[in-house]
Amino acid sequence: MSTTSAISGGGFSIDEEESTEARIRRLISENPVIIFSRRSSCCMCHVMKKLLATIGVHPTVIELDDHEIAYLPTPPAHDGLSFRNPAPAVFIGGTCVGGLESLVALHLSGHLVPKLVEVGALWV
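The model shown is predicted, which means the values in this text are computed figures rather than measured ones.

Calculation notes
Residues numbered from 1 in each chain as written. Predicted model: local features only at pLDDT ≥ 70, side-chain atom pairs only at ≥ 80, totals over all residues. Heavy atoms only, no water. Phe/Tyr/Trp six-rings, centres within 6.5 Å; stacked < 30°, edge-to-face > 60°. Helix = DSSP H or I, 4+ residues; strand = E, 2+ residues; numbered from the N terminus. Buried < 20%, exposed > 50% of the residue type's maximum accessible area, 1.4 Å probe, protein only. Pairing = 2+ DSSP bridges. Right-handed = clockwise from strand over helix to strand, strands pointing away. pLDDT = per-residue confidence, 0-100. Contact = heavy atoms within 4.5 Å. Polar contact = N/O pair within 3.5 Å; in protein donor to acceptor, adjacent residues only side chain to side chain.

Considerations on the packing of aromatic side chains
Consideration 1: Enumeration over the complete set of coordinates arrives at one aromatic pair.
Consideration 2: Ring centres 5.7 Å apart and planes at 90° place the aromatic pair Phe 36 and Phe 91 in the edge-to-face group. Taken together, the residues Phe 36 in strand E2 (residues 33–38) and Phe 91 in strand E4 (residues 89–92) connect sequence positions 55 residues apart.
Consideration 3: Of the residues examined, Phe 36 reaches a relative accessible area of 0% and is grouped as buried.
Consideration 4: On the accessibility criterion, Phe 91 (2% relative accessible area) is buried.

Spelled out as structure tokens, the structure:
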């Protein structure tokens, strides 16, 4: 698991005995906005980061190995649709928003900024 953070001074503790699932859940709970992506270059993750940056939010980004992706919590199903690609996935306030499509939909509906303010990731 590789960590990239835009949070200055934000240290991440690594407990070798902590399971991958426990580490992912802990990181989700510790960061108001966090993106999990695959280790390989991910253009969707880049677009997610750019969208959030234009709003004024700089998320924590965690790169996962392929075997770690399976431990990501999935968002609740919407309208019977399944969440097929677990990464990249963005979590806001501990809740899985989903992938890029879900993040853009949240933004276009006008619900993204209030959600970011609610979790303390954005001050307006």
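As for the pairing of E2
Consideration 1: Extensive coverage of E2 is indicated by the burial of five of its six residues.
Consideration 2: Note that E2 and E4 share four bridges and pair antiparallel. Within E4, the residue paired with Val 33 across the bridge is Ile 92.
Consideration 3: Sheet analysis places E2 next to strand E3 (residues 60–64), joined by five bridges and oriented parallel. Paired with Phe 36 across the strands is Ile 62, a residue of E3.
Consideration 4: With respect to chirality, the unit in which E2 leads through helix H2 (residues 43–55) into the neighbouring parallel E3 is right-handed.

Considering the confidence of the model for the chain
Consideration 1: Averaged over all residues, the pLDDT of the chain is 82; the fraction at 70 or higher stands at 78%.
Consideration 2: For the chain, the element scoring lowest by mean pLDDT is strand E1 (residues 2–5), at 45; helix H5 (residues 112–118) scores highest, at 96.
Consideration 3: Taken together, the stretch residues 2–11 has pLDDT below 50 and engages in 16 contacts with residues farther than four places along the chain or on a different chain.

Points about the side chain of Asn 31
Consideration 1: Among the structural elements, Asn 31 can be located in the loop between helix H1 (20–30) and E2.
Consideration 2: Here the side chain of Asn 31 touches Thr 60 through a polar contact of 3.1 Å, side chain to side chain.

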